[in-house]
Amino acid sequence: MSEPSPLAAAFSGACPRCGAKSLFAGPVRFAPACRACGLDFVEFNVGDGPAAFLILIVGAVLTVAAIAVDLSFQPPFFVHAIWLPVGAILTIAGLRVGKAFLLAQEYLHSAREGRISK
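Below: a short report on this structure. (Residues numbered from 1 in each chain as written. Predicted model: local features only at pLDDT ≥ 70, side-chain atom pairs only at ≥ 80, totals over all residues. Heavy atoms only, no water.)

Here we come to the overall build of the protein chain. When helices and strands are counted, the protein chain shows three helices and zero strands. In sequence order, the secondary structure elements of the protein chain are arranged as α-α-α. Relative to its length of 118 residues, the protein chain is extended, with a C-alpha radius of gyration of 18 Å against a globular reference of 13 Å. Expressed as lengths along the three principal axes of its C-alpha atoms, the size of the protein chain is roughly 60 × 35 × 20 Å. Taking all 118 residues of the protein chain together, the buried fraction comes to 31%. (Helix = DSSP H or I, 4+ residues; strand = E, 2+ residues; numbered from the N terminus. Rg over C-alpha atoms; globule rule 2.2 N^0.38 Å. Buried < 20%, exposed > 50% of the residue type's maximum accessible area, 1.4 Å probe, protein only.)

Another point: the packing of aromatic side chains. Think of a pair of aromatic rings as described by two things: how far the centres are apart, and how the planes are tilted against each other in angle. Applying the stated criterion to the full structure yields two aromatic pairs. When the centroid spacing of 5.4 Å and the interplanar angle of 20 degrees are considered together, the rings of F24 and F30 count as stacked. On the basis of relative accessibility, which here comes to 12%, the residue F24 falls in the buried class. Note on F44 and Y107: the rings are 6.5 Å apart at their centroids and 70 degrees apart in plane angle, and the pair reads as edge-to-face. Of this pair, F44 sits in the loop between α1 (6-12) and α2 (49-73) while Y107 sits in helix α3 (residues 83-108), and the two are 63 residues apart along the sequence. Residues F44 and Y107 agree in their burial class; the two are buried. Over the aromatic face of F24 sits the side chain of R96, whose NZ or CZ is 4.1 Å from the ring centroid. One cation-aromatic arrangement involves K99 over F30; the distance from NZ or CZ to the ring centre is 5.0 Å. (Phe/Tyr/Trp six-rings, centres within 6.5 Å; stacked < 30°, edge-to-face > 60°. Lys NZ or Arg CZ within 6 Å of the ring centre and 35° of its normal.)

Listed below in structure tokens is the structure:
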């Protein structure tokens, strides 16, 4: 088994060490460890980086799309309710990819929490 690239691991939800599709235990929750090779996912900390970027990116995309639809077609107001599920789907999909990519990068570069040596 060879290590997948961080981008390939991110899009497939694969373990960055062995490539098994065992990274997630829920829609956006990491599994405690890889079922195939035993890599401990708990030691990695991706933080809120993916969520912060998604707020900006998904919000901008939805805003532009909603304005474009409104100016082009002038639909009734209730038609814009479609943006709620679209936003939720984009956010959940983006969180999966973003969190998996950051975990794969941490694994690839052996990144750990900073420590001050004395």
